[in-house]
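Overview (structure and organization)
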Amino acid sequence: MEAVSITSPLGSCSSVTMEKVLLLSLLLLNIHQGIAAPKGVSASLKAKWSMTPFLLETSEFIAEDGSEKFWSFVDTVKELTVYKQGESVRSYYNLIIKKAAQFLTHLQVNLLRFALAMRSYSPAVHSSQQIASDEPPPEACPAFVSIHGQHSCSTKDIKKLLKEAAGRPKPYLYKNDHTYPAVNKTDMPVVILYAEIGTKKFNSFHKVLSEKAQEGKLVYVLRHFVAKPKPQKVLLSGYGVELAIKSTEYKAVDDAKVKDSKAVINAEEDENDEVQGFLFGTLRTSHPELQEQLGELRKHLLESTNDMAPLKVWEMQDLSFQAAARIMSVPKFDALKVMRDLSQNFPSRARSLTRVAVKQEMRKGIEKNQKHLGETMGIQPGDGELFINGLHIDLDVHNPFSILDILRGEAKILEGLHNLGIKGEHQAKLLRLPVNTVDDSYALDIRHPAIMWMNDIENDQMYRSWPASVQELLRATFPGVIRQIRRNFFNLVLFLDPLQEETVELVKLAELFYKHKIPLRIGFVFVVNTKDEIDGFSDAGVGFYRLLNYIADEYDLSQAVMSIVSMYNKGDVGETLSADTLSAYLKKKYPKANQERILGADSEYDYKRKDGALFYRKSGLGALPLALFNGVPLNPDEMDPEELETIILQRIMDTTAAFQRAVFMGQLTESSDVVDHLMEQANVVPRMNPLILSTDRKYLDLTGTPVVDDWEDTTMFSYLESKDKTAVISKRMKYFTNGDKDGMTAVTMWVVADFEKVSGRKLLLNALKHVKSSPGLRVGVIDNPSGKPSEDNTVLYRAVWASLLTQKNKAAAEFAQKLLKEESSLLLQQGTKMKDLGMQGMDLDAFEKKFNTLEVDFIRSQQMFCRDVLKLRPGQQAVISNGRILGPFEEQEEFTMEDFHLLERITLSGSAEKVKAKVKQMGMKPKQASDLVMKVDALLSAVPKGEVRRDVSFKDTQSVLQLSPRENEVFYDVVAIVDPLTRDAQKISSLLIVLSQVVNVKLQVFMNCRAKLSELPLKSFYRFVLEPDVAFLANDTASPGPVARFTELPESPLLTLNMITPESWMVQAEQSLHDLDNIHLQEVNGVVAAEFELEHLLLEGHCFDLSTGQPPRGLQFTLGMSQDPLMHDTIVMANLGYFQLKANPGAWILRLRKGRSEDIYQIVTHDGTDSPPDAEDVIVVLNSFHSKIIKVRVQKKAEMINEDLLSETSESKGIWDSIVRRSYPSPGSRLQYYAHYRWCLKEGRGREEKGRYS
């Protein structure tokens, strides 16, 4: 039966008839007997700490957008608290939002309101407060400074304290500290201001400290400190409250008399408040004079439907489909509220659902969609899933606080694409582009002629007996056994200087691998002197190389390496190779050989000597010696010959799994060249440049749309924020272009330098040479003069710029290349006029006119951009590739043509190529299209890489609730898949209602119903506590805070109240007059009010012994502050080394507990903490509601190696314990040891190696 304003058995009536029916209903209820106090349950949760001011929380929200915005906001609100006195709480809150809106977009303002409603940034503010309490603050001080441990409440003392600061240690600064952006010098004193932003005292300190910081006299750090916090506690949201119906087979009810609660509970008013055909929302609006009577009628009708009598099995079977039918039958804007009501009050609504008819088309539509989702995504009927812009939100892991973080991260991309004019279908395609993640294990291409290969597994006679099929990789073997297959699966390349001491042991190790037939192809690159005419008798490195070539020619390279080892063995330990040793060895071993012909200046064996050094230099690798395993460089700390053996064997076993996968997937076949297959992987590069390959990448924000784009007006340009400065530079930039056939370029590079310097000219010249050989690339030029820009120090740049403005692309590029050569610079210095350097094909008149009239104002703006946005000092160099900033370069650092080639390749392999393909479909002009590719690539690449975005689609829409977003606004694409009668629906319905109030959403909700239910799907009432904005009362004061309210509950069942909070929250009931495990509303007058407190935020961690790789069972940690080191303690579990500690927002010091833990163990490294990995004190900062998980690695002290933590005396152990307790240098070493030992046994070398390893 469809509900109208009033629908009854009498049918639809006129308004007069309606009133009669209504009055009749009210009379029948005998309302005059008086209204009983409403019964219900309420639950609230407050934090342990005091209320934190909204202004400080807002500053923390803005700080996440960058330091620049934070300090601009601070300057805007520096004395805002004066308005507190004359304004209401609501007006002051709105004033804060208005001030914040100067720095935030409309979408970000809505997210700020949501964050303030959840008090999401309260822990960050309280964390600073706790750090201040550990100083501790001077008495009666509204604000104070701490200068290297000395405190003062007055600005007058700062000068004096700064003079004395040098002799005291600097304070520790945390990652989230707010440091004033100023001159970056070393050895400056650090001044920490503890104050409340917006107060007069703060402003007086801030004025002095910011001036001194700008002058480069100190480092200014701000931490929040409220001198007199309000006594009220922060009321929290973002959690669920459940009233579970208790089984009454056994009742344990507290029969103690409980005083009636005086709390009042408000019925949740709902516009779509339909009970048995009456729409009470509409009736309240139509008959405001009958509010009380309508309430009583509603209560009566609810009590008649709140029949908790059990349903028969046949009545339950279709409940899920019936709930979906009810939801889809109401106007779509009310559908989510109906879903929330049905799922959260299901025990009361179950009987009314049994009367709902389900259309056959809807049932078929649901089944069709379920089949499609099962096949494409593995989603089964009844599963609950949520997707925001294709990102999967696992509701078991995520909570409203982490969802807010996701919304903020997505806002940057969505607003960026929106600002760039990309909307609708194109936006969705770009958003879902698979951006390659940054690889931290790049490999160098080892197919280079400079590598001298000692052996070849595939072709050498000694490996002929081995099977050659790649399918051998899939044959089962004992764990740890290295398969002997006649393929070059494993390749080791050693870059060596023959004169280095370490070379001896590395060559011996290579010989050991070769001699014992390890399936490893070994190559050498010897880096020796590259002078043309050099005598092998005077340079031992050159002599070594010539001798090696001689023996290799006479025999082969493997024989040569073994000869070299025997030669090295002749010298004393630690002694480097000398020319005399070489000469003596040659004389003794090859007495008939002509030494002059081999080692002399005109040696016949000097070929390819320079190749090794050239390859090494071009490769960009670090200090010698170094090794590449399948092209991937080993870390310097892995190059110890003693460790290298086990590391290589471990790498062989690890890499085998990747090859097995490739064979199984058909990527590696019998006809494949294994080395080619390896070198065609995405992580293989032609050169190793740590600056380009670094995983720590910074990007420009190219999504700005400035009001003006005038860079000739330097004053106006200086007032623009970073994003707008970048947008102006981008809009006014001119390029040297080598477009593809379609005229578009996928990669845009900006070269930043002082072109009056040799290094600057060389940098641009390398870039232009690379452009010439690389289609799909363009290069722009930015001047960053060493001094104040003037006509004298910008001559070259102005000439380059004038050529770009007046000449065709080819002529401008050729002229620029000529101009950048050193001979041109010399000619200019000698007085040659610029026009005389002109080239054929140029329009010299246009060029000369433009060159002579170019002002330097726009160069001043460019220098300002370099300083404020790129953070470069005058004269420093950088390269920007599709918005990614590389630099500043070191003084002597050279960025070669090979580096530009590598940078282009890395940029293309990220997302540039894919973005270009999508932008091409938009049908834009080449220049605009190339600009858009650069901007979109910078935007997408700057986003931290998460999981892959899923494209969720439905085959039938009858069972999908669809809400369209507001037009011409940024919107989130939200898809929910949910059975309306599940715990997921209880959460998702509330979440989606709030989400749609906070942001603009395109919403699709699919009713993923289960068929043939045999029991009630939900046996509890539920509330999800979440609000879209801070609530205020009618008198403009702040409401007490979010509370879970249960009204109109059935009185007969026994109920248990459960708090369902994020995992890291430790919550405790603080106050209630009733037994919350046994709530029986029949015995209660009024409301059961429960108040909970967030006692602690849990700090979780895992601890392992670095020597054994095992958890140090029984190890104890303590957590505290410097003033009180032992506030909480814990013990490490044997299961995964897990431990947890009780904490709250603040900075905590983690230590080993005094006693046996501290006596036996020491902390070696730690991850996820807020102090450097090698710091003695492990500092952990808790400043959010998120879980914090750390990893700690410990090791026994050298003198305690045989001590057992859990026994006071060390007893003798068995042989197995002695093996387990053996000290290994790294966690995986024990595995390597056993694997190598098994291999040795297989090769029949057990006895020899057993002696070596024992």
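Above this note sits the structure.
Description of the structure in this document. (Residues numbered from 1 in each chain as written. Predicted model: local features only at pLDDT ≥ 70, side-chain atom pairs only at ≥ 80, totals over all residues. Heavy atoms only, no water.)

1. What to know about the overall build of the protein
In terms of regular secondary structure, the protein is built from 42 helices and 40 strands. The contacts in the protein between residues at least 6 apart in sequence include a share of 77% that link residues at least 24 apart. As presented, the protein carries roughly 58400 Å² of accessible surface, and 49% of it is formed by carbon and sulfur atoms. (Helix = DSSP H or I, 4+ residues; strand = E, 2+ residues; numbered from the N terminus. Contact = heavy atoms within 4.5 Å. Areas by Shrake-Rupley, 256 points an atom, 1.4 Å probe, with all protein chains shown as cover.)

2. Here we look at the sheet that holds strand β18 (residues 632–633)
Hydrogen bonds along the backbone pair up the strands of a sheet, which may run parallel or antiparallel. The sheet built from five strands is open, its strands ordered β14-β16-β15-β17-β18 with mixed pairing. One side of each edge strand has no neighbouring strand; the edge strands of this open sheet are β14 (452–453) and β18. (Pairing = 2+ DSSP bridges.)

3. Some words on helix α5 (residues 89–100)
With twelve residues, α5 should cover 16 Å at 1.5 Å per step; its first-to-last C-alpha distance of 17 Å lies within 8% of that length. The complete set of buried residues in α5 reads Tyr92, Tyr93, Leu95, Ile96, Ile97 and Ala100. (Expected span 1.5 Å × (residues − 1). Buried < 20%, exposed > 50% of the residue type's maximum accessible area, 1.4 Å probe, protein only.)

4. A closer look at the state of the cysteines
The final tally for this structure, using the stated rule, is one disulfide. Disulfide partner of Cys141: Cys153, at an S-S distance of 1.6 Å. Linking Cys141 in the loop between α7 (122–133) and β2 (144–147) with Cys153 in the loop between β3 (150–152) and α8 (158–165), this pair joins segments that are twelve residues apart in sequence. (Disulfide = S-S within 2.5 Å.)

5. A short note on a positive patch on the surface
Judged by side-chain charge, Lys769, Lys772, Lys810 and Lys821 come together as a positively charged surface patch. If you trace the backbone, Lys772 turns up in helix α30 (residues 758–772). (Patch = residues over 30% accessible without salt bridge, like charges linked within 9 Å, V, L, I, M, F, W, Y side chains within 5 Å. Salt bridge = Lys/Arg side-chain N within 4 Å of Asp/Glu carboxyl O. Lys, Arg positive; Asp, Glu negative; His and termini not counted. Charge placed at Lys NZ, Arg CZ, Asp CG, Glu CD.)

6. Details of the packing of helix α31 (residues 795–806) against helix α34 (residues 844–853)
For the pair α31 and α34, the least separation of the axes is 9 Å and the interaxial angle reads 135°. Here α34 runs oblique to α31, going by the angle between their axes. Judged by the twist between their axes, the crossing of α31 over α34 is right-handed. Contacts between α31 and α34 involve Val795, Arg798, Ala799, Ala802, Ser803, Leu805 and Thr806 from the first element and Ala846, Phe847, Lys850 and Phe851 from the second. Grouping the amino acids of the contact of α31 with α34 by side-chain chemistry returns seven nonpolar, two polar and two charged. (Axes fitted to C-alpha atoms, helices over the stretch in contact; angles between N-to-C directions. Parallel < 35°, antiparallel > 145°, perpendicular 65-115°, else oblique. Left-handed = near helix turned anticlockwise from the far one by under 90°. Nonpolar A, V, L, I, M, F, W, Y, C, P; charged D, E, K, R; others polar.)

7. Comments concerning the sheet that holds strand β21 (residues 735–738)
If you trace the six strands from one edge of the open sheet to the other, you get β20-β25-β24-β22-β23-β21, paired in mixed fashion. The open sheet terminates on both sides in strands that have one partner only, identified here as β20 (698–699) and β21. Pairing between strand β24 (residues 878–881) and strand β25 (residues 884–886): three bridges, direction antiparallel. When the bridges of β25 are listed, Ile880 appears paired with Ile885.

8. Overview of the nonpolar core
Counting residues in hydrophobic clusters, the biggest one holds 167 residues, and the most contacted among them are Leu111, Tyr220, Tyr972, Leu992, Val1005 and Leu1057. When residues in this core are grouped by element, the largest group, nine residues, is from helix α17 (residues 400–419). If we skip the residues at most four places from it in the chain, Leu111 touches Phe61, Leu404, Leu407, Arg408, Ala411, Tyr972, Val998 and Val999. Val527, Met679, Val685 and Met749 belong to the second largest nonpolar core, which has 162 residues in total. (Core = buried A, V, L, I, M, F, W, Y, C linked by side-chain atoms within 4.5 Å.)

9. A closer look at the pattern of salt bridges
One pass over the structure, following the stated rule, counts 50 salt bridges. A salt bridge links Asp1036 to Arg90; the nearest nitrogen and oxygen atoms lie 2.7 Å apart. Residue Asp1036 is located in the loop between β29 (1020–1025) and β30 (1044–1047), and its partner Arg90 is located in helix α5; the two are separated by 946 residues in the primary sequence. We classify Asp1036 as partly exposed; its relative accessible area is 24%. Looking at Arg90, the relative accessible area reads 31%, which means it is partly exposed. Note that Lys927 is salt-bridged to Asp931, the shortest N-O span being 2.9 Å. Here the residue Lys927 and the residue Asp931 both occupy positions in helix α37 (residues 926–942), the gap between them amounting to four residues, near one helical turn. In this structure Asp931 comes out as buried when scored by relative accessible area, which is 12%. The network of salt bridges with common partners includes Lys48, Lys233, Glu1093 and Glu1095.

10. Here's the deal with a nonpolar patch on the surface
On the surface, a cluster of nonpolar side chains totalling about 360 Å² of accessible area is made up of Leu474, Phe664 and Met665. Here Phe664 shows up in helix α25 (residues 641–664). On the basis of relative accessibility, which here comes to 65%, the residue Phe664 falls in the exposed class.

11. Some thoughts on the environment of Asp1105
Along the chain, the position of Asp1105 falls in strand β33 (residues 1087–1105). C-alpha separation for the pair Asp1105 and Val1192, spaced 87 residues apart in sequence, amounts to 8.8 Å. Dropping the residues within four chain positions of it, Asp1105 is found in contact with Gln1110, Pro1112, Tyr1161, Val1194, Gln1195 and Lys1196. Here Tyr1161 takes part through its side chain, which lies 3.4 Å from a polar atom of the side chain of Asp1105. (Polar contact = N/O pair within 3.5 Å; in protein donor to acceptor, adjacent residues only side chain to side chain.)

12. With respect to helix α22 (residues 579–589)
When we look at burial in α22, the residues that qualify are Ala579, Leu582, Ser583, Tyr585 and Leu586. For α22, the angular spread of the buried residues around the axis is 165°, confining them to a single face. Of the residues in α22, the exposed ones pointing more than 90 degrees away from the buried face are Asp580, Lys587 and Lys588. (Arc of directions from axis to C-beta.)

13. Focus: the packing of aromatic side chains
Per the stated rule, a full pass over the model turns up 40 aromatic pairs. An angle of 25° between the planes, with centres 5.9 Å apart, marks the rings of Tyr797 and Trp801 as stacked. Highlighted residues: Tyr797 and Trp801, both in helix α31, separated by four residues, approximately one helical turn. Overall, Trp801 belongs to the buried group, its relative accessible area being 3%. Over the ring of Trp453 we find Arg521, and its NZ or CZ is 3.6 Å from the ring centre. Here Arg778 stacks its cationic end above the ring of Tyr735, 3.8 Å away from the centre of that ring. (Phe/Tyr/Trp six-rings, centres within 6.5 Å; stacked < 30°, edge-to-face > 60°. Lys NZ or Arg CZ within 6 Å of the ring centre and 35° of its normal.)

14. Points about the environment of Tyr585
By the element assignment, Tyr585 lies in helix α22. The spacing of Tyr585 and Ser566 is 19 residues in sequence and 9.3 Å in space, taken between C-alpha atoms. Those residues in contact with Tyr585 that sit more than four places away from it in its chain are Leu547, Ser563, Ser566, Met567 and Tyr590.

15. Concerning the side chain of Asn389
Along the chain, the position of Asn389 falls in the loop between β11 (385–388) and β12 (391–393). Take Asn389: its relative accessible area is 2%, and that puts it in the buried class. Among residues more than four places away in sequence, those in contact with Asn389 are Glu410, Leu414, Leu431, Arg432, Arg949, Tyr972 and Asp973.

16. Observations concerning the packing of α5 against helix α6 (residues 106–118)
Closest axis-to-axis distance for the α5/α6 pair is 10 Å, and the angle between their directions is 140°. Viewed along their axes, α5 and α6 adopt a mutual orientation that is oblique. Handedness of the crossing formed by α5 with α6: right-handed. For the pair α5 and α6, the contacting residues are Tyr93, Asn94, Ile97 and Ala100 in the first and Val109, Leu112, Arg113 and Leu116 in the second. Per-class residue counts for the contact of α5 with α6 are six nonpolar, one polar and one charged.

17. Some thoughts on the pairing of β33
Summarising burial for β33: 15 of the 19 residues are buried, a large majority. One ladder, built from eight bridges, connects strand β1 (residues 40–50) with β33; its direction is parallel. Across the sheet, residue Val41 finds its bridge partner in β33, namely Val1088. Here strand β32 (residues 1065–1071) runs beside β33; their pairing, made up of six bridges, is antiparallel.

18. Some words on unusual backbone geometry
The linkage connecting Leu624 with the following residue, Pro625, adopts the cis geometry, with an omega of -5°. With respect to the helices and strands, the residue Pro625 is situated in the loop between α24 (609–619) and β17 (626–629). With an omega of 0°, the peptide bond running from Gly887 to Pro888 counts as cis. On the secondary structure map, Pro888 appears in the loop between β25 and α36 (897–920). One non-glycine residue with positive phi stands out, namely Asn389, at about 50°. The phi torsion at Lys517 lies on the positive side, around 55°, for a residue other than glycine. Looking at where Lys517 falls in the secondary structure, it is placed in the loop between α19 (501–515) and β16 (521–526).

What is shown is where atoms sit, not what they do.
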